[in-house]
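Given next are the chains, with one letter for each unit.
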Amino acid sequence: MQLFPKIPLADWVDRFVDMLTDNLEPLFDGITSGIDWFVEGIVSILAFPPALVLIAIFTILAWWSSRWPVAIFTFLGLLLIDNLGYWDPTLDTLALVLTSVIISIILGVPLGIWASQSDRFRGIITPILDFMQTMPAFVYLIPAILFFGIGMVPGIIASVIFAMPPTIRLTNLGIRQVPEDLIEASNAFGSTTKQKLFKIQLPLATPTIMAGINQSIMLSLSMVVIASLVGAPGLGADVYRAVTQIKVGIGFEAGLAIVILAIMLDRISQNIGKTKN
Amino acid sequence: MEKAKITVKDVTKVFGKSPKQAVKLLDQGKSKSEILKETGNTVGVNRASFDVYPGEIFVIMGLSGSGKSTLVRLLNRLIEPTSGQVLIDDEDIVRMKPEQLREVRRKKLSMVFQRFALFPHRTVLENTEYGLEVQNIGKENRAKKAQESLELVGLKGYENSFPSELSGGMQQRVGLARALANDPDVLLMDEAFSALDPLIRKDMQDELLELQESMEKTIVFITHDLDEALRIGDRIALMKDGSIVQIGSPEEIMTNPANDYVERFVEDVDLSKVLTASNVMKRAETLRADRGPRVALQLMKDKGLSSLYIVDKKQKLLGAITADDAAKAIDSQKDINDILITDLHTVTPDTLLTDMFTKMADSSLPLPVIDEADKFKGIIVRGAVIGALAGNETESTKSEVS
């Protein structure tokens, strides 16, 4: 009884994705090997020192950026993870999170700056960001597999898509929130757009931008289990395995490790933003 | 006539969607509120024209919403004029390309802001350096200039403080130092002292006047405070609803208000802080010191005076004598010099009435007015002062009744 025939949206999307895979394969291959190389690099750096040394480094980082309660939490939390035998998957997860956050910053901060300078660009990017954040994250996994195969890389791509919007949004917001009279003063003394951006707007927007990056870290952590569905190694894979085999204990252990990692990264990244100003 | 530093010709700013249409209506003589009703556009500044001469303090004053802050921003194009010209040294700011405009802002125009607008992430020195920094002047050189500028405003020793650590008055000194650091010809001061409390405001006004003695910048000063305008302005432009309603010296504005609006504005002003000795001075009889007491007494009798001022050949004031003393001197065969009263309180022609009240109370004789060369110009009698102060009151009561 339909008045109009069903719009074949699914077919269109399929055909579009097919076209991309056919035509842009070299590009996707390049991205895949690039990201792969980067993640491997991070994992091998993290895995190079003994667990205790890395725990000490993180504890010092937490103590320097935050206060001693965070440092104690970091120390005990990481010791617990090591004791439970989740050290290697934790490093994989950490590498996944760090890589997607670094990509989010490299892409997100310039896009945010652009959005702050151009109302038109902001108008274009805002609905795209809404789409990226509200489309269920699982959906990204399907084309990610097609484009980037199985493993760490499609997981990272899906994480970046999901985690990058806050960095873009808050960079834009932070720059736009710089008080009007400071912008006026900067203009009145004959600043160029670039001078105004680097001497006034970005320094004053830093706390807001750091809040955005903090959000991106938390969102990409929330993607680790989903990323494991496409074969990304790490704590997410342990959780996923525990779910499929209905092993409550293991699921709890792996989940707890993710929580410890999340709290540690959240506190450290939050406080780095504060101490800078 | 001296050549103007800034010439503003028919500058108009209309905020809204169809400014050109609003300008046409303005030319047809429609008012600000009519245009708002018909087109939804707000007239910020309505065909303002004036000249500012080198070295003068030109005050633009009006109540909030009169368009004065918009007008000052049209001078350095922080706000884009809808029409008209702003000539600085004969160059039209309005038609300049962005690079030229930046150059003018860097070298010729500086601005001081109402809420200071200091950069919170930079130290006092870094704030002061900002105008030099954007010109890519070397680090040492700009630190030196900024340092000089800070010393000028009395902030030596605060270089490494952050603005948030300073009081309001000190913050605005930083604002002033920042504006002076690149040695501009023109200072634009937008309600620069309005955010300060009254005592500090007065200090800052004094200091600005003192600095101006040596700097001789061209200053455009925006204020809503008439007392401030009268205190520091060489000339004052009064604004209402975006239009300039009168331009003149403080005295012209006070004594000759162009319309009811200006009159209402000025009627509450303490006249003793505006009128000077030259406004109430009377001509007085003088006598050369080489004449005898007999001549002096005769002169006083003829004119009905009880005292007389004695000058030398060059009209320099030597002192005064009273009729009683002159009569005694004739009896005892003394000279005028023997009965001369020399410890007289004197005032200069530009002394404000408010500053001569104590002197008047202290002396039994009228106050002599002398210029910088001690030349006798006239006298101040109490009646004239009271008359001048009362004159305003009767006038303003009249305008209230009518």
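Per an unreviewed UniProt entry, the recorded name for chain B is Quaternary amine transport ATP-binding protein, and the organism is Guptibacillus hwajinpoensis. A UniProt comment under Subunit (unreviewed entry) is attached to chain B, and it reads "The complex is probably composed of two ATP-binding proteins, two transmembrane proteins and a solute-binding protein."

Going by what an unreviewed UniProt entry lists, chain A is known as Glycine/betaine ABC transporter and is assigned to Guptibacillus hwajinpoensis. The record in UniProt for chain A states the following under Sequence similarities (unreviewed entry): "Belongs to the binding-protein-dependent transport system permease family."

Chemist: Let's hear about the overall build of chain B: which residues, and what values?
Modeler: What chain B contains, in helices and strands, is 17 helices and 15 strands. For chain B, the C-alpha radius of gyration of 27 Å lies well beyond 21 Å, the compact-globule estimate for 402 residues. Along the longest, intermediate and shortest principal axes, the C-alpha atoms of chain B span 90 × 60 × 40 Å. When the 402 residues of chain B are sorted by exposure, 50% land in the buried category. In chain B, the share of contacts with a sequence separation of at least 24, taken over all contacts with a separation of at least 6, comes to 64%.

Chemist: So, the interface of chain A and chain B: which residues are in play, and what are the values?
Modeler: Every contact between the two is made by 17 residues of chain A and, on the other side, 25 residues of chain B. Interface of chain A and chain B: buried area, both sides summed, is about 1800 Å²; carbon and sulfur atoms make up 63% of it. When the area that chain A buries against chain B is broken down by residue, the three leading residues are A:E184, A:F189 and A:K199, summing to 38%. For the pair chain A and chain B, the interface holds 2 salt bridges. A:K199 is paired through a salt bridge with B:E133; the nearest N and O atoms lie 2.7 Å apart.

Chemist: Which residues make up the packing of helix 2 (residues 25-47) of chain A against helix 5 (residues 87-117) of chain A, and what are the values?
Modeler: Residues and elements named next belong to chain A. Between helix 2 and helix 5, the least distance of the axes is 9 Å, while the angle of their chain directions is 130°. Looking at the two axes, helix 2 sits oblique to helix 5. In terms of crossing hand, the pair formed by helix 2 and helix 5 is right-handed. Within the contact between the two elements, helix 2 uses I35, F38, V39, I42, V43, L46 and A47 and helix 5 uses L91, D92, L94, A95, L98, T99, I102 and I103. Class assignment of the residues belonging to the contact of helix 2 with helix 5 gives a composition of 13 nonpolar, 1 polar and 1 charged.

Chemist: A description of the UniProt feature "transmembrane region" (unreviewed entry) in chain A should follow, citing residues and the corresponding values.
Modeler: Here the UniProt-annotated "transmembrane region" (unreviewed entry) positions come out as residues 42-63, 70-87, 93-116, 137-164, 217-236 and 248-265 of chain A. Measuring from the first to the last C-alpha atom of residues 137-164 of chain A gives 13 Å, for a span that is 89% helix and 0% strand.

Chemist: Run through the domain arrangement of chain B, naming residues and quoting values.
Modeler: For chain B, the domain assignment lists domain 1 (6-108 + 184-269) and domain 2 (278-386). For domain 1 of chain B versus domain 2 of chain B, the distance between C-alpha centres works out to 45 Å.

Chemist: Lay out a negative patch on the surface with the relevant residues and their values.
Modeler: Residues and elements named next belong to chain A. A surface patch of negative charge is lined by D11, D14, D18, D22, E25 and D29. Elements with a contribution of two residues or more to the negative patch: helix 1 (9-23) and helix 2. At 4 residues, the largest contribution of residues to the negative patch is made by helix 1. Looking at where D29 falls in the secondary structure, it is placed in helix 2.

Chemist: An account of unusual backbone geometry is requested, with residue identities and associated values reported.
Modeler: Residues and elements named next belong to chain B. Of note, the phi angle at D89 is positive, near 50°, even though the residue is not glycine. Relative to the helices and strands, D89 resides in the loop between strand 4 (83-88) and strand 5 (91-92). A residue is classified by how much of its surface remains accessible, and D89, at 31% relative accessible area, is partly exposed. One non-glycine residue, E191, lies in the positive phi region at around 50°. Inspection of the secondary structure puts E191 in the loop between strand 7 (186-190) and helix 8 (198-215).

Criteria and thresholds
- Residues numbered from 1 in each chain as written.
- Chains lettered and ligands numbered in written order.
- Predicted model: local features only at pLDDT ≥ 70, side-chain atom pairs only at ≥ 80, totals over all residues.
- Heavy atoms only, no water.
- UniProt positions renumbered as here; feature names shortened; annotations may be inferred.
- Helix = DSSP H or I, 4+ residues; strand = E, 2+ residues; numbered from the N terminus.
- Rg over C-alpha atoms; globule rule 2.2 N^0.38 Å.
- Buried < 20%, exposed > 50% of the residue type's maximum accessible area, 1.4 Å probe, protein only.
- Contact = heavy atoms within 4.5 Å.
- Buried area = accessible area lost by both parts, 1.4 Å probe.
- Salt bridge = Lys/Arg side-chain N within 4 Å of Asp/Glu carboxyl O.
- Axes fitted to C-alpha atoms, helices over the stretch in contact; angles between N-to-C directions.
- Parallel < 35°, antiparallel > 145°, perpendicular 65-115°, else oblique.
- Left-handed = near helix turned anticlockwise from the far one by under 90°.
- Nonpolar A, V, L, I, M, F, W, Y, C, P; charged D, E, K, R; others polar.
- Domains from an automatic or database assignment.
- Patch = residues over 30% accessible without salt bridge, like charges linked within 9 Å, V, L, I, M, F, W, Y side chains within 5 Å.
- Areas by Shrake-Rupley, 256 points an atom, 1.4 Å probe, with all protein chains shown as cover.
- Lys, Arg positive; Asp, Glu negative; His and termini not counted.
- Charge placed at Lys NZ, Arg CZ, Asp CG, Glu CD.

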